Amino acid sequence: MSGVVLVDLDGTLAHYDGWKGIEHIGKPIKPMVQRVKRWLKMGRQVRCFTARVHNDPIAAHHVSVWLNEQGLHKMGLTCMKDRDCVLLLDDRAVKVELNTGRLLNKVCMAKPCR
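Residues numbered from 1 in each chain as written. Predicted model: local features only at pLDDT ≥ 70, side-chain atom pairs only at ≥ 80, totals over all residues. Heavy atoms only, no water.

Caption draft 1: Representation of the side chain of Thr50. You can see Thr50 is positioned in the loop between strand 2 (45-49) and helix 2 (57-69). Residues in contact with Thr50, not counting those within four places in the same chain, are Leu9, Asp10, Leu77, Thr78 and Cys79. (Helix = DSSP H or I, 4+ residues; strand = E, 2+ residues; numbered from the N terminus. Contact = heavy atoms within 4.5 Å.)

Caption draft 2: Structural detail: helix 2. Taking 1.5 Å per residue as the helical rise, helix 2 with its 13 residues ought to reach 18 Å, and the 18 Å between its terminal C-alpha atoms agrees with that figure. Buried residues of helix 2: Ala59, Val63, Trp66 and Leu67, and no others. Looking down the long axis of helix 2, one finds its buried residues gathered within 100° of arc, a one-sided arrangement. For helix 2, exposure combined with an orientation more than 90 degrees from the buried face picks out Pro57, Ile58 and Glu69. Where helix 2 is buried, its residues meet strand 2 and strand 3 (76-78). One side-chain oxygen at the N-terminal end of helix 2 lies 3.2 Å from the backbone nitrogen of Ile58; it belongs to Asp56. Once helix 2 ends, the next one or two residues include Gly71, with phi positive near 80°. (Expected span 1.5 Å × (residues − 1). Buried < 20%, exposed > 50% of the residue type's maximum accessible area, 1.4 Å probe, protein only. Arc of directions from axis to C-beta. Polar contact = N/O pair within 3.5 Å; in protein donor to acceptor, adjacent residues only side chain to side chain.)

Caption draft 3: Fine view of helix 1 (residues 30-41). The end-to-end C-alpha distance of helix 1, which contains 12 residues, comes to 16 Å, matching closely the 16 Å that a straight helix rising 1.5 Å per residue would cover. Turning to helix 1, its buried residues are Met32, Val33, Val36, Trp39 and Leu40. Taken around the axis of helix 1, the buried residues stretch over an arc of 125°, which confines them to a single face. Counted as exposed and oriented over 90 degrees from the buried face of helix 1: Lys30, Pro31 and Lys41. Check the buried side of helix 1 and you find it contacts strand 1 (4-8), strand 2 and strand 4 (85-89). Positive phi shows up at Gly43, right after helix 1, with a value of about 95°.

This is how it looks when you write it as structure tokens:
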């Protein structure tokens, strides 16, 4: 697979149980951290994908420190999906069939989102 893999931070790489401030990032979710490490070792481009860093260098610093502490120092950091993205791993995403608008995951919008 060529291209960039984006992996969400809160709820995907790090445990998330509600916003607790810019400096708080949950404990690592070990299976996902190990998966990302394997991909990085294989030479894949993997970026941490989080809205936290949008126009916020202090948040970017905290996320970078957290990534380094997990041994993910080779992982990029972004809040943008670009044309190089080939895979997005996120606890809130819903897969849509290409060019159809058909949802491939079950979605219930009767209840408010988190």
